[in-house]
Amino acid sequence: VVAVEPDADNFRLLEYNGSLRHVLDPCPGAFVPIKKAVLGSEEATSCTLYAHPQACAFRHSTERLALAQRRGLTETAWRGATVEATSLTKLLEQYPDVNGVKVDAQGAEVDIVAAVRDWRNVQKLVLEYDFELPQVLDE
C-alpha cells in the first residue's frame, strides 16, 4: 500500500492507521506513507494546499479555492500552506507493483488522472466524485 496525504494532521492519522495494518489486514506487503500532494503536472515539486475556512479537515484542496471564489468566499478566508508535490505518473513509475489507485483530491481528480500515460499495471481505479464541481461549472 502506497498512501499519499499532503495535510500534516491527516498524515499523522494516516501513519497511525498504517501502523495498525498488520493487525487489521494480515495481507503481506509494505505500507508506504508519503507526505505530498498529487497533481496533474509532472514538473511541479510543490503547490499551495488550501484549508477550508471552517477548518474542515476533509476539505483541504489544491483546487477548491478557485471554486470557492466563484461563490463569493475571499482568498483570505482560505489559509494556504506550501507542500511538496508529485504526480500520479511519477508514483506509478516509482512503485510499479501498485495495481490499484484511489484518488480523492477535492477537485483536482480530472487533471491527475488525465496526466497518467501508463495504466498498464493498474487493475482497479477508484475516483471520489466531487459533487460541488458540476454546480460551479454550470454557474
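Here, the structure is the one placed above.
Residues numbered from 1 in each chain as written. Predicted model: local features only at pLDDT ≥ 70, side-chain atom pairs only at ≥ 80, totals over all residues. Heavy atoms only, no water.

Quick word on the pattern of salt bridges
Applying the stated criterion across every chain yields a total of four salt bridges. The salt bridge partner of Arg 117 is Glu 42, with a shortest N-O separation of 2.0 Å. With a gap of 75 residues between them, Arg 117 in the loop between helix H5 (109–114) and strand S7 (124–127) and Glu 42 in the loop between strand S3 (37–39) and strand S4 (46–51) connect regions that are remote in the sequence. Note on Arg 117: relative accessible area 55%, which makes it exposed. A salt bridge links Glu 93 to Arg 117, with the nearest nitrogen and oxygen atoms 3.2 Å apart. With Glu 93 in helix H4 (residues 88–94) and Arg 117 in the loop between H5 and S7, the pair connects residues that are 24 residues apart, well separated along the chain. (Salt bridge = Lys/Arg side-chain N within 4 Å of Asp/Glu carboxyl O. Helix = DSSP H or I, 4+ residues; strand = E, 2+ residues; numbered from the N terminus. Buried < 20%, exposed > 50% of the residue type's maximum accessible area, 1.4 Å probe, protein only.)

Here we look at the nonpolar core
Val 38, Leu 88, Leu 92, Val 101, Val 103, Ala 105 and Ile 112 are the most contacted members of the largest nonpolar core, which totals 14 residues. Every element with two or more residues in this core is listed here: H4, strand S6 (100–103) and H5. In terms of residue count, H4 provides more of this core than any other element does, three residues in total. With residues up to four places along the chain from it excluded, the contact list for Leu 88 reads Val 38, Leu 39, Val 101, Val 103, Ile 112, Val 116 and Trp 119. (Core = buried A, V, L, I, M, F, W, Y, C linked by side-chain atoms within 4.5 Å. Contact = heavy atoms within 4.5 Å.)

Let's talk about helix H1 (residues 8–19)
Between its first and last C-alpha atoms H1 spans 17 Å; for 12 residues at 1.5 Å apiece the expected length is 16 Å, and the two agree. All of the buried residues in H1 are Asn 10, Phe 11, Leu 14 and Gly 18. Along H1, the residues classed as buried sweep out an arc of 100° about the axis, all on the same side. Facing away from the buried surface of H1 by more than 90 degrees, the exposed residues are Arg 12, Leu 13 and Tyr 16. Where H1 starts, the residue carrying a side-chain oxygen 3.3 Å from the main-chain nitrogen of Asp 9 turns out to be Asp 7. (Expected span 1.5 Å × (residues − 1). Arc of directions from axis to C-beta. Polar contact = N/O pair within 3.5 Å; in protein donor to acceptor, adjacent residues only side chain to side chain.)

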